[in-house]
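Residue-level structure breakdown
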Amino acid sequence: MTEITHHIPDHLMAAYTAGSLPEPYALVVATHVSMCLECHASYEAHQALGGAVLETAGEAAVSEVLKSDVMALLDAPVASEPVYKRSGVYPGPIMTALKGRAPRWKSLGLGVRQCILSGNSEGSVRLLYIPPGQAVPDHGHNGLEMTLVLQGSFSDETGWFGAGDVELADQDLEHTPIADAGPPCICLAATDAPLRFNSFVPRLLQPIFRI
Ligand SMILES: [Zn+2]
């Protein structure tokens, strides 16, 4: 793998560690952290900071029965969520989101495929498969869009993004990412505009199909 040059910015790492980052972005951060030693170290530093803050926080009294209730629950069976390891180009956090199965791709036309991992009103996260030389189907995102390259690479007006790199785009960035020559570019992309994407793609493809 080439050296990772585009990392998770500090404020997003802080939000991720605090647990306040919406789920779609959190999956991108977790996946990048699993690929990037530098951001893994940053994640651990933020966790240590969080622990230090907790230790200095004031105590709050809890009810008398809480301790006995908690003790009584210790032996209760807990259904644990299975955790999956990396498979091919998909790191563990993505395999866990895929529940251990291979991605189920849906065609967007022109060889571009997507596999939606999750989507709700908070946002969505999907895998994108873009053949070499093909433009990434872009869309109107209202806030932040995070794209993590898993295989291949793409380039746009802001630079070059290879495996492990994260691109952050806000609504002010007008960009046309194009997959480079070589293996197909497979990305993990999170955005806060889940429905907008689906309705925009056919419109985006219209000029390409000339319909
Ligand atoms: Zn990093």
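The structure we're discussing is the one just above.
The structure reproduced in this document is the subject of the present report. (Residues numbered from 1 in each chain as written. Predicted model: local features only at pLDDT ≥ 70, side-chain atom pairs only at ≥ 80, totals over all residues. Heavy atoms only, no water.)

As a further point, take the sheet that holds strand β5 (residues 154-156). Taken in spatial order, the 3 strands make up an open sheet running β6-β5-β8, and their pairing is antiparallel. Each edge of the sheet is formed by a strand with only one pairing partner; in this case those strands are β6 (159-161) and β8 (178-179). Pairing of β5 with β8, which is carried by 2 bridges, proceeds in the antiparallel orientation. Bridging from a neighbouring strand, Ser155 pairs with Ile178 of β8. (Pairing = 2+ DSSP bridges. Helix = DSSP H or I, 4+ residues; strand = E, 2+ residues; numbered from the N terminus.)

Turning our eyes to something else, we now look at the nonpolar core. Counting 34 residues, the largest nonpolar core has Leu117, Leu127, Leu150 and Leu188 as the members making the most contacts within it. Per-element accounting of this core gives the leading share, 8 residues, to helix α2 (residues 23-35). Residues within four places of Leu117 in sequence aside, it is in contact with Leu27, Ile94, Ala97, Leu98, Val125, Arg126, Leu127 and Leu188. Ranked by size, the runner-up nonpolar core spans 12 residues in total, among them Val112, Leu128, Val149 and Phe154. (Core = buried A, V, L, I, M, F, W, Y, C linked by side-chain atoms within 4.5 Å. Buried < 20%, exposed > 50% of the residue type's maximum accessible area, 1.4 Å probe, protein only. Contact = heavy atoms within 4.5 Å.)

Let us now look at the coordination of the zinc ion. Taken together, the protein donors to the zinc ion comprise His7 (ND1), His32 (NE2), Cys36 (SG) and Cys39 (SG), at separations of 2.1 to 2.3 Å. Counting gaps between the donor residues of the zinc ion yields the pattern H-x24-H-x3-C-x2-C. Both residues of the pair, His32 and Cys36, count as buried. (Donors = N, O, S within 2.8 Å, 3.2 Å for Na, K, Ca; no water.)

Examined against the element boundaries, Asp165 turns out to sit in the loop between β6 and β7 (166-169). Here Asp165 is buried and forms no salt bridge, its nearest opposite-charge partner Arg86 lying at an N-O distance of 13 Å. Apart from residues no more than four positions distant in its own chain, Asp165 is found in contact with Ile4, Thr5, His6, Thr147, Leu148, Val149 and Trp160. (Lys, Arg positive; Asp, Glu negative; His and termini not counted. Salt bridge = Lys/Arg side-chain N within 4 Å of Asp/Glu carboxyl O.)

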